[in-house]
Amino acid sequence: MSLGTDATVDEWQARLIALSHSLHAEPEVAFEEHTSVAKLAALMDEAGFDVGKGMWDLPTALLATYGEGDLTIGICAEYDGLPGIGHGCGHNIICASSAGAAIALRTAADRYGFRIALLGTPAEESGAGKQLMLERGAFDDVTVAMMVHPGPAADTAGAGDSTQACSRFSVTFEGRPAHAAGAPWDGVNAADAAVISQVAIGLLRQQTPPGYRIAGFVRTGGEKTNIIPERSVLEYEVRTPDADRLVALRRRVQACFEAGALATGASVEFRRTEPDYLELRNDTWLMERYSGHLSAFGRTAIPLPGGLSAASTDMGNVSHAVPAIHPMIGLRGVTAMPHTREFAAEAAGPAGDEALLHAAKLLARTATDLAATPERRAAYLARGR
């Protein structure tokens, strides 16, 4: 159901595209999105929303609300970029499309008596901002949550489509320095501990099932060639199809680092760098409604191979708490993969602009379908009681 939402998106088209391009031109990384959130706040204020910034003790989180009622439709807006790449994941498109959907829903909110909550969610790329928001009550009164993520070429909108669970941590080896030429035997080489660990992890990869991922890099590995490195620091992540299998893989990877410490005599310390990302659970009814509107925009959903994306998102955490959807909308004609400079360039191009307008209309139609279907509305409200 549209109820004029498409026309409203068209009315706001120039301002939505301007927001997307402005975010793209000034990308900001996790928890530093101060300019980005101010731009979003200004647009939502112009649209007549009650806007709060710095919500839930997160300086770059936002809440913009409109309407009243027992049903609260939450629309999530992401706006953080990637270090060195900018908006290589298209979060400028996400932010603008979510804002467009929220603005387009005002008439439906007045007619059907529901509340729109646009949640500005910082630090999706790293930091799990939505999990922090969950813990601080941001989604307590949200009945359902939704957003659309851009990707290359194809649309994916299957209820079974999911993302991977992900856990990130740092590893610090502490050794003992020594002169690398005069008395290397007096040292404990923390960099060697890192090398041994990485070799062990490389061998472990052969023994992990499909869908498991292990990735990382060395942040610190020494200062000078003539000093035995006394300290090395690595950043690592592990991914599995779901959270139940995440703990076991993390434990096996940590055992590889413990082996490096044992072999060299260094000490090792692990530190979780952010909350875990949980696998995505798309709500069946909401996704069916979203998928049913794709043809109106010349789009067709293609199921993910095996139903699993190689990516992770903290929207997965939200989907464990409230019914939620996170479909992918394709940038038509674009083949570059996300997290590349090539995709970043396309995120402010014609295909990116088209995707954000389509996504805004699709989200608004889906939300209106829910608000206008009494039995489904009652069913979702009953879940939260």
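Please refer to the structure placed before this passage.
Note that the coordinates shown come from a computational prediction; the quantities given were computed from them, not determined experimentally.

Draft legend 1. Seen up close, the overall build of the protein chain. Within the protein chain, the secondary structure is distributed over 13 helices and 12 strands. Relative to the 2.2 N^0.38 estimate, which gives 21 Å for 385 residues, the radius of gyration of the protein chain is 23 Å and therefore close to what a compact globule would have. Here the C-alpha coordinates of the protein chain stretch approximately 80 × 40 × 35 Å along the principal axes. For the protein chain, with 385 residues in total, the buried portion stands at 57%. Partitioning the contacts of the protein chain with sequence separation of at least 6, the portion at a separation of at least 24 is 79%. Surface accessibility of the protein chain: about 15400 Å² in total, with carbon and sulfur atoms responsible for 52%.

Draft legend 2. Structural view of the pattern of salt bridges. A complete count under the given rule lists 23 salt bridges for this structure. Here Arg 168 makes a salt bridge to Glu 274, at a shortest N to O gap of 2.7 Å. Here Glu 274 lies in the loop between strand E10 (267-272) and helix H9 (284-292) and Arg 168 lies in strand E7 (residues 165-174), a separation of 106 residues in the sequence. With a relative accessible area of 15%, Arg 168 lands in the buried category. According to the relative accessible area criterion, Glu 274 is buried, its value standing at 10%. Of the charged contacts, one joins Arg 332 and Glu 354 as a salt bridge, the two residues approaching to 2.9 Å between their closest N and O atoms. In this pair, Arg 332 sits in the loop between strand E12 (328-331) and helix H11 (341-346) while Glu 354 sits in helix H12 (residues 350-371), placing the two residues 22 residues apart along the sequence.

Draft legend 3. Layout of helix H8 (residues 243-264). Taking 1.5 Å per residue, 22 residues should reach 32 Å; H8 reaches 33 Å between its end C-alpha atoms and fits that length. Burial in H8 covers these residues: Leu 246, Leu 249, Arg 250, Val 253, Gln 254, Cys 256, Phe 257, Gly 260, Ala 261 and Thr 264. Angularly, the buried residues of H8 cover 145 degrees about the axis, an arc narrow enough to put them on a single face. Relative to its buried face, H8 has exposed residues pointing more than 90 degrees away, namely Asp 244, Leu 262 and Ala 263. Buried residues belonging to H8 abut E7, helix H7 (190-204), strand E8 (213-220), strand E9 (231-240) and E10. The N-terminus of H8 is capped by Asp 242, whose side-chain oxygen sits 3.1 Å from the backbone nitrogen of Asp 244. Gly 265 sits one or two residues past H8 and shows a positive phi near 90 degrees.

Draft legend 4. Structural view of the sheet that holds strand E5 (residues 144-146). If you walk across this open sheet you meet the six strands as E1-E2-E4-E3-E5-E11, and the pairing is mixed. The two strands at the open ends of the sheet, each matched to only one other strand, are strand E1 (50-53) and strand E11 (324-325). Here E5 runs beside E11; their pairing, made up of two bridges, is parallel. Residue Met 146 lies in a different strand from E11, and its bridge partner there is Ile 325.

Draft legend 5. Looking closely at helix H3 (residues 34-46). Counted at 1.5 Å a residue, the expected span for H3 with its 13 residues is 18 Å, and the 19 Å between its end C-alpha atoms agrees. Within the sequence span of H3, burial applies to Ser 36, Val 37, Lys 39, Leu 40, Ala 41, Leu 43 and Met 44. Buried residues belonging to H3 abut helix H2 (13-25), E1, strand E2 (62-66), strand E3 (71-78), helix H4 (91-104) and strand E4 (114-121).

Draft legend 6. Representation of the packing of aromatic side chains within the structure. The full count for this structure, using the stated rule, is seven aromatic pairs. Consider the rings of Phe 169 and Phe 270, whose centres lie 6.4 Å apart with planes at 70 degrees: the pair is edge-to-face. Of this pair, Phe 169 sits in strand E7 while Phe 270 sits in strand E10, and the two are 101 residues apart along the sequence. Using a relative accessible area of 0% as the deciding quantity, one classes Phe 169 as buried. According to the relative accessible area criterion, Phe 270 is partly exposed, its value standing at 26%. The interplanar angle of 70 degrees and the centroid separation of 6.2 Å between the aromatic rings of Phe 257 and Phe 270 together place this pair among those described as edge-to-face. Taken together, the residues Phe 257 in helix H8 and Phe 270 in strand E10 connect sequence positions 13 residues apart. Among the aromatic residues, those joined into a cluster by ring pairs are Phe 169, Phe 173, Tyr 236, Phe 257 and Phe 270. When the ring centre of Trp 12 is taken as origin, the NZ or CZ atom of Arg 15, which lies over that ring, is 3.7 Å away.

Definitions and cut-offs
- Residues numbered from 1 in each chain as written.
- Predicted model: local features only at pLDDT ≥ 70, side-chain atom pairs only at ≥ 80, totals over all residues.
- Heavy atoms only, no water.
- Helix = DSSP H or I, 4+ residues; strand = E, 2+ residues; numbered from the N terminus.
- Rg over C-alpha atoms; globule rule 2.2 N^0.38 Å.
- Buried < 20%, exposed > 50% of the residue type's maximum accessible area, 1.4 Å probe, protein only.
- Contact = heavy atoms within 4.5 Å.
- Areas by Shrake-Rupley, 256 points an atom, 1.4 Å probe, with all protein chains shown as cover.
- Salt bridge = Lys/Arg side-chain N within 4 Å of Asp/Glu carboxyl O.
- Expected span 1.5 Å × (residues − 1).
- Arc of directions from axis to C-beta.
- Polar contact = N/O pair within 3.5 Å; in protein donor to acceptor, adjacent residues only side chain to side chain.
- Pairing = 2+ DSSP bridges.
- Phe/Tyr/Trp six-rings, centres within 6.5 Å; stacked < 30°, edge-to-face > 60°.
- Lys NZ or Arg CZ within 6 Å of the ring centre and 35° of its normal.

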